[in-house]
Amino acid sequence: LGYVRGIPLFMGFAFVGIETARPEAVVYQWMLEGYDDDWSKPSRENTASFGNIHEGNYTFKVRAKGPNGVWSDESRYCFSMLPPMHRTWWAFCL
């Protein structure tokens with residue numbers, strides 16, 4: 001998570017699909033609910049980065065397709081981005 005003056009600029013995720021026979025054949029799709037409208041294009045890239053993340057609730061989802069052509073069940077990570085200090089309710093009271 002990268003910040004400038006308390007404002008989140010980007011967030012990144014790294015992930016891996018377990019395939020011992022042909023790991024180079026694994027492709028991934030991901031999406032960040034609350035940020036993306038749809039899944040990413042299939043890619044061999046095993047990292048995802050997102051910029052200008054605003055406060056709110058998000059769910060990062062990722063799935064993998066092995067050399068057999070079958071997509072895995074999606075894995076999910078739910079999290080909340082809090083507002084920077086200068087946009088909290090108590091900052092407005094000061």
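What counts as what
Residue positions are given per chain, counted from 1 along the sequence in the order it is written. Per-residue local features of the predicted model are confined to residues with pLDDT of at least 70, and side-chain atom pairs are confined, for both listing and counting, to 80 or more; whole-chain, interface and lining totals are unaffected and use all residues. Neither water nor hydrogens contribute to the side-chain values; these are computed over all heavy atoms in the structure. Buried residues are those whose accessible area, probed at 1.4 Å on protein chains only, stays under 20% of the maximum for their type, while exposed residues exceed 50% and partly exposed ones sit between those limits. Each helix is a run of H or I in the DSSP string that is no shorter than four residues. Each strand is a run of E no shorter than two, and both are numbered from the N terminus. We treat two strands as partners when DSSP finds at least two bridges between them. Lines fitted to C-alpha atoms define the axes here, with helix axes fitted over just the stretch in contact, and angles between the N-to-C directions of these axes take values from 0 to 180 degrees. In this description, contact between two residues means that some pair of their heavy atoms is separated by no more than 4.5 Å. Any pair of Phe, Tyr and Trp rings, taking the six-membered ring for Trp, is counted once the centres come within 6.5 Å. Such a pair is stacked with planes under 30 degrees apart, edge-to-face with planes over 60 apart, and tilted for the rest.

A. View of the pairing of strand 3 (residues 27-33). With six of seven residues buried, strand 3 is to be regarded as a mostly interior element. Note: strand 3 against strand 5 (residues 56-65), seven bridges, orientation antiparallel. Bridging across to strand 5, Glu-33 finds its partner in Thr-59.

B. Inspection of the sheet that holds strand 5 at higher detail. Taking strand neighbours across the sheet as the criterion, the three strands line up as 3-5-6 in an open arrangement whose pairing is antiparallel. In this open sheet, the two edge strands, each paired with only one partner strand, are strand 3 and strand 6 (75-81). Along the sheet, successive strands turn relative to each other by an average axial angle of 15°, direction set aside.

C. Highlighting the environment of Asp-38. With respect to the element layout, Asp-38 can be found in the loop between strand 3 and strand 4 (47-51). The exposed category is assigned to Asp-38, whose relative accessible area is 54%. Contacts of Asp-38, omitting those with residues within four sequence positions, involve Trp-30 and Met-31.

D. Spatial organisation of the packing of aromatic side chains. Summed over all chains, the structure comprises 11 aromatic pairs. With a centroid separation of 4.0 Å and 5° between ring planes, the pair formed by Phe-13 and Phe-60 is classed as stacked. Of the two residues, Phe-13 sits in strand 2 (residues 7-14) while Phe-60 sits in strand 5, which places them 47 residues apart along the sequence. Among the residues examined, Phe-60 registers a relative accessible area of 4% and is labelled buried. A ring pair is formed by Phe-13 and Phe-79, whose centres lie 6.0 Å apart and whose planes are at 50°; its orientation type is tilted. Of the two residues, Phe-13 is situated in strand 2 and Phe-79 in strand 6; the sequence distance between them amounts to 66 residues. Here Phe-13 matches Phe-79 in class, with each residue buried. An aromatic cluster is present here, built from Phe-13, Phe-15, Tyr-28, Trp-30, Tyr-35, Phe-50, Tyr-58, Phe-60, Tyr-77 and Phe-79 joined pairwise through their rings.

Function cannot be inferred from these measures alone, as they are strictly geometric.
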